[in-house]
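Structural overview for review
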Amino acid sequence: MHKRHLIKLAIGASLSLPLFGTAAMAQETVKIGYIDPLSGGGASVGEGGLKTFQYLAEELNAKGGILGKKVEIVGLDNKTNPQESLIQAQKAIDSGVRYITQGNGSSVAGALTDFVTKYNDRNPGKEVLYFNYAAVDPVLTNDKCSFAHFRWDANSDIKMEALTNYMKGVPAIKKVYLINQDYSFGQSVRTQARAMLKAKRADVEIVGDELHPLLKITDFAPYVAKIKASGADSVITGNWGQDIALLLKAAADAGLKVSWFTYYAGGAGGPTAIKQTGLNHQVFQITEGFANLDHKTSMDFEKAFRAKVNLGLWYPRAVNEMRMFAAAAEKAKSLEPVKVAQALEDMKFEVFSGGEGFMRKDDHQFFQPIYISSFGDRTAKEPFDEENTGWGWKLAAKVETKDTILPTTCKMDRP
Amino acid sequence: MLELFVISTLNGILFGMLLFLMASGLTVIFSMLGVLNFAHASFYMLGAFFGFQISKWFGFWPALVIAPLLAGALGAMVERYGLRQVHKYGHVPELLFTFGLAFAIEEIVSIVWGKSPVDFRVPALLDFPAFTLFSTNYPAFKIFMLVISIIIFVGLLIALKKTRVGLIVQAALTHPHMVGHLGHNVGRIFMLVFGVGTALAAVAGVIAGPALVTQSNMAGLLGPILFVVVVVGGLGSLPGAFLASLLIGLVQTFAVSMNGSLAGAFGPLSPDLATTWLSDIWNVTIAQIAPIMPYVLLVLILIFRPMGLLGTRET
Amino acid sequence: MLSFGHAVYYGLGGFLAIHAINIIARNKFAIPLPLVPLIGGMAGLIFAMLLGWVSTKRSGTAFAMISLGLAELVASSALILRTFFGGEAGVSANRTKVLRLFDWSFGPQIQIYYLVAAWTLIAVIAMYALTRTPLGRMCNAVRDNPERVQFVGYDPHVIRYFAFCFAGFFAGIAGALAAINFEIANSAYLGAVQSGTVLFATYIGGVGFFIGPIVGAIFVTLLSLGLSDLTQVWQLYFGLIFIAVVLFAPGGLTGLLMMHWPLIKAGTLGRMIPAYLIAFVPTLAMLVGFILCVEVIVFHMVHAGGDSHIKAFGIPFDAENRGVWGIATVLLIGGFFIARMTWKMIAARWDDALNEARAKGVAA
C-alpha cells in the first residue's frame, strides 16, 4: 500500500534533481531547443533529427563554436502535439533558449509560429527565433508568415513546382492519379498538382483525386483497386509514414504497375517498404539532396555521418540551417535573435548538396536546387544504400534554384 | 463499374474477415468473463511481433502455431496475476486494468522491436497471386486469411455450443458457485478462456502482420474499430461479431470506391455560402468519410437497436 | 460511469471559446476575456445535452463503449469539417485583442495563471455544492445501486443524463481555459489521448473522493511533463503506475490517504510510521533496481552501440558496466524479497492499529 507513496516520493525527488545541473552552463553556450517527438509514434523520426542536430552542433563546436560560444542542442519531447509543443517551448525559453528548431508536423509548426510571434510581441528585447527544418505547409511563408520564422525546407508548393517542371519533360506520363492525406498538407499537394499540371502539361489527364484520412488506414487495397480501375500510369502522393508504406505494399500485392511520384518515400521505413514490394526505380522522391548525389563534400559528410550516427542523413537542409545560422551570427557579430534574423534575410549560401541557395527576405523561405531521385538497384556510382535494403537512391533530374521560385502573399510585420 | 463492384466486394470481405479474426477473441472473452479487454489489440500486436521473430528463426509455419501459444500463455498469466486480483472491485476496474496494460505493452514492444515497421514477409509458399480478376491480382495469402477466419468461426461456435467444455464455460459465467460445487475449478476456466481469447488475437496478428504493417502503433490503429465490431454485433455474440465484421468491411470498402458528394448530387453550393462550414459538408465525398462510417454505424445501431445486431441483452 | 469521450466536450468548449475570442475581437463586443470560459462551458453543456441522451441510456461497460465510439466519431469529423475546426492545424486567436478590464491585457502568462486559478476555484466550489444538492445525492445513489433508485421512483437514466450534462459543462470550461492559455484549439483536443489522460488522472487520484480527481490531475500532469524529460520510455512507467494503482490502491492516491483517517482520529498512526520507514528502504531499493534494469535494457535495445554513459532520472550511469547490471539485479530481487517481508509487517501493524481504532469506536 505504502508503495504508492514511495513511487511518488521517488519521482518527486528525481523531478527536482535535473533542475540543478543545467542552469550553470547557460552563459557560455548557444542553446537551440529541438522540439520534436521523442516518444510515441513519431519518435523514430524525432530521434533521427535530434541526432542529426547534435552531430551538426559537434561539427560547429569542433571549429570553435559560434562567436566563440559552444552550441548545445536541447532535446524537448512534444509528442507531436501542438499544445505540448507550446509547453515545451515555454519551458525552453524559461531555461534560456533563444532559438527553437522543429520540423515534424505542420500543425505543430503553425502553433509554434503563432506562439513565437506573440511571445516576441509581448516580450520585446527577449525575442526568440523559430527555425523550421521540415514543416512544409505553404501557409507558413504566405498568409501566416512571421518575422521570427525561417524555413529551410522547400515548401510543398515549391516541391510541386519542381516536380511538375520535371514531369513536363516526360512524355510517357499521360494519366495521373492523385492520392493524398486528408489534411492541410495533403490538400495543398492536391490543389497545386492540379493547377500546375494544367498549366504545364494540359494534355495530361487527371483520372482520380483521392483524399484519405491521415494515418488511419490499415488496408489500402480498396484505394489501389480504384487507381487500377482508373487506368492511371502515374500516381502523385504527398503521403508519409505508414500511409506511404502501406499504399505501396497494397499496390505491389495487387500487381499495380505505375510510376510513383512522392514527397516522402525516403522517410523512416519507406525504403524498407519499397524494397519489400520490389518496385525497382518506379518510386521517385523530391528532396533538396540525397546520399548518392555526385558531390564530393556531401558524400564525405554522409560517410562520416553514417559511421557516427548509424543513420542516413535525412535532412541535408538541417546542415544548411545550422551552417547558415553560424554564418549569420558571424556576419551580425551578435547572437541577438533580431540581429541574426536581419543577417539571415536575403543571405546567399553555398548549400550542402552544391549550388547556391538564398533566404528570401519577403517570406523567410529558403530556395535551393531540388533533386528528383528514384529508388532501386545501385551501380558503382551509387555507393550508399538505405536501411540495409541494398537499394539506394539514383538521380533522375535536378531542378535549378531559379526554377523553384514562386511568388508569396506574405505581408510581414518587421520590428 | 462492374469491375470496381466485384473487386470492392472481395476487398470488403477480406477486410471484414481480418476484423473478425481479431474481434472473435474479444467477443469470447467478453461473453465468457464479462470483461471488455482494452489490451486485446495489444495482444494482436504481440502476436504479430512474436510471429515476426519466430518466423525469422524457424520459419512462418512454426510461428503460426508458437506465437499464439506464447501470447495465450501470457494472456493467461495476465488473468491469473492481474485481472483476478482486480475482479473483486468490479468490471470497471478490470477494464481500466487492461487499459493500463495496453499502454505498457505498446511501450515494451517499441523498446524491443523499435518504432519503425519491421520486415515481416509473407511466406514463400503463399507468395503468389491466387487468381487474377479484371487484371487485379489476388494474393494467395489473403485467401489463406479468409479460410483461417472461417475455420476459427466454425470451430469456436462448435466448441462453445456443442462440446462439454463449452457448456461448462458458459455455466461458469452465470453460476460460478454452482459450477465450483460441481467440482470444476472456476478460476482455471476463466484463465483458460482469457488465454484462448488472447491466443485468437495473436493468430490474427501473425496473419495480419505480413499482410498489413507490423509496427508498434498497430494496436492503436485497429483497437477502436474492434470495439465497434463487438458493440454493433451485439456484446458477446459470436455470430453477431461475424456479421458485424463483414458489414463494416463491406461498408468501408464500398464507401471508398464512391466519389459522390452532396455537391455532385445537387450541384455546387451557392457562392455566398462557399466559405461557411456548410461547404465542408457539401463538398466532402463519400470516399473521404469512409473511415468514420463504422462509427456512424455504431451510433445508428445504438439508437435503433441498442442490443446490437444479434445481441440478446441490453448491457 | 466510465467515459472514454470526455475530451469531446473539453475540445468543443475550447473551439467555441477560440471562435468566441475571434468574433469578440473582430466586432469589438464588450465581453471581457474572463467571461469567455462561460461560453466554452455552455458549448460543453449543449453538446453533452445532445449526445448524452443516447449514451447515458446504459451505464458501465456499455456506456464506456458508446462514449468511445462517439468520441472517435467527433474527432474524425473534426478533420473533415475544416472551416470550423481548422483542420489539422487548428484555429488560433489572440487573447489580448478583446475588451480590457482594469487594464489587464492577459498577455503575460501570470495573468492567465490567475484567471485559470480563479475559474478553477469557482468550478471546484460549484462542483462541491452540486454534490451537496439532492441531485448530487441521487447521483451517488445511482452509482451505488440503480435498481433501488428505480424503486424509490427516480429514473436512473435521467439522473445519469443530468450528471453527464454537468460534466460536459465543466469540461467545456476547462477546454475554454486551455484554449485561452494556449491561444489555439486543434483536433488533438478532441482525441482519445486527451480523454485517456483525464481518465488516468481521475482514477489515479481516486474516484469516489471529491478531491481525488484534483490530486490525480496534478500528479498526472507532473508525471507526463516531468517523466518525458527524465526517461524516454515514460509511457511504460505511466502504464505500470496506472496498473499498480488499479491493483493495489483501488481508491487511488486519495483513497490511500483517507485510509489513515481513522488511525489519526484514534491516535494510533504513530505506530505505523516506524513500519513505513523500515519498509521504505527495501521498497525503494527494489524500485531503483527495477528502473535501472529497464533503462539498461532500453539502452541495449534502442541505442545499441551508442555512448553507454546514459542518464535516467537525472542520474548518470554506465549501461555497459557489468557492475551496474549486477547492482540492478541485486537491488531488484533482493529488494523485492526483503520488501515483501516488510509489507507483511506493515499489514500486521495496520491490523493492530485499526483494531485499536475500532475499539475506540472511531472506525467502522
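Residues numbered from 1 in each chain as written. Chains lettered and ligands numbered in written order. Predicted model: local features only at pLDDT ≥ 70, side-chain atom pairs only at ≥ 80, totals over all residues.

1. Let's talk about the sheet that holds strand β12 (residues 356-359) of chain A
All names here are of chain A. Selection rule: Here a strand pair is declared whenever DSSP counts at least two bridges between the two strands. Here a strand is any run of E in DSSP of at least two residues, a helix any run of H or I of at least four, and the numbering for each starts at the N terminus.
Read across the open sheet, the 3 strands follow the order β11-β12-β13; overall the sheet is antiparallel. With partners counted over all chains shown, the strands left at the sheet margins are β11 (348-350) and β13 (366-367), one partner each. Bridge count between β11 and β12: 3 bridges; the pairing is antiparallel. Looking at β12, one finds that Lys 348 is bridged to Phe 358.

2. Concerning the nonpolar core
All names here are of chain B. Defined as follows: The term nonpolar core means buried Ala, Val, Leu, Ile, Met, Phe, Trp, Tyr and Cys residues held together as one set by C-beta atoms within 7 Å. With C-beta atoms placed from the backbone, the exposure class of a residue follows from how many other C-beta atoms lie within 10 Å of its own: 20 or more, buried; 12 or fewer, exposed; in between, partly exposed. We call two residues in contact whenever the C-beta atoms placed from their backbones are within 7 Å.
Within the largest apolar cluster, 333 residues are counted, with the highest numbers of intra-cluster contacts made by Tyr 44, Ala 202 and Val 229. It is helix α8 (residues 186-211) that contributes the most residues to this core, 17 residues altogether. When residues no more than four places from it in sequence are discounted, the contact partners of Ala 202 are Phe 43, Tyr 44, Leu 46, Gly 47, Phe 50, Ala 67, Pro 68, Ala 71 and Gly 72.

3. Things to note about the sheet that holds strand β15 (residues 392-399) of chain A
All names here are of chain A. Stated formally: Interaxial angles span 0 to 180 degrees and are taken between N-to-C directions of axes, which are lines fitted to C-alpha atoms, for helices over the stretch in contact.
In spatial order, the strands read β7-β6-β8-β9-β10-β14-β15; together these 7 strands make up an open sheet with mixed pairing. Two strands in the sheet have a free side with no partner beyond their single neighbour: β7 (205-212) and β15. Going from strand to strand, the sheet's axes swing by 20 degrees on average, the running direction of each strand aside. By the bridge criterion, 3 bridges tie strand β9 (residues 259-262) to strand β10 (residues 283-287) in an arrangement that is parallel. Note that in β10 the partner of Trp 260 across the bridge is Val 283. Helix α8 (residues 221-230) contacts β6 (175-181), β7 and β8 (234-237) of the sheet and is inclined by roughly 170 degrees relative to β7.

4. Looking at helix α3 (residues 60-87) of chain B
Working note: α-helix, 3.6 residues per turn, so residues spaced by three or four point in the same direction. The test is simple: Bend is computed residue by residue as the angle between axes fitted to the seven residues ending at the residue and the seven residues starting at it.
At B:Glu79, α3(B) shows its maximal kink, close to 40 degrees. Turning to α3(B), its buried residues are B:Phe60, B:Ala63, B:Ala67, B:Pro68, B:Ala71, B:Gly72, B:Gly75, B:Ala76, B:Val78, B:Glu79, B:Leu83 and B:Val86. Those residues of α3(B) that are buried are in contact with α2 (40-57), α4 (91-113) and α8 of chain B together with α11 (234-248) of chain C.

5. Looking at the environment of A:Glu84
All names here are of chain A. Residue position: Glu 84 is located in helix α4 (residues 82-94). The exposure class of Glu 84 is buried, given the 22 C-beta atoms found within 10 Å. As for Glu 84 and Lys 308, which are separated by 224 residues in sequence, their C-alpha atoms are 31 Å apart. Apart from the residues within four sequence positions on either side, Glu 84 is in contact with Asn 78 and Lys 79.

6. Structural notes on the pairing of β9(A)
Residue and element names in this part refer to chain A. Applied cut-off: Viewed with both strands pointing away, a crossover whose connecting path from the first strand over the helix to the second turns clockwise is right-handed.
Every second residue of β9 is oriented toward a common face, with Ser 259 and Phe 261 on one face and Trp 260 and Thr 262 on the other, all of them buried. Sheet topology places β8 next to β9; 4 bridges connect them, and they run parallel. Directly across from Thr 237, in β9, lies its bridge partner Thr 262. For the crossover from β8 across helix α9 (residues 242-254) to β9, the handedness is right-handed. Handedness of the crossover joining β9 and β10 through helix α10 (residues 270-277): right-handed.

7. Considering the interface of chain C and chain B
Where interface size is given, it is often the accessible area lost as the parts come together that is meant. Quick reminder of the rule: Gly is put with the polar residues, along with every residue not named as nonpolar or charged; the nonpolar set is Ala, Val, Leu, Ile, Met, Phe, Trp, Tyr, Cys and Pro, and the charged set is Asp, Glu, Lys and Arg.
In this complex, chain C contributes 38 residues to the contact, which on the side of chain B involves 43 residues. Mapped onto the side of chain C that touches chain B, the elements with two or more residues apiece are α3 (60-80), α4 (82-85), α11 and α14 (269-302) of chain C. A total of 14 residues in the side of chain C that touches chain B trace back to one element, the largest contributor, which is α3(C). Each residue belonging to the side of chain C that touches chain B can be placed in one class, and the counts come to 26 nonpolar, 8 polar and 4 charged.

Read these as geometric descriptors, not functional statements.
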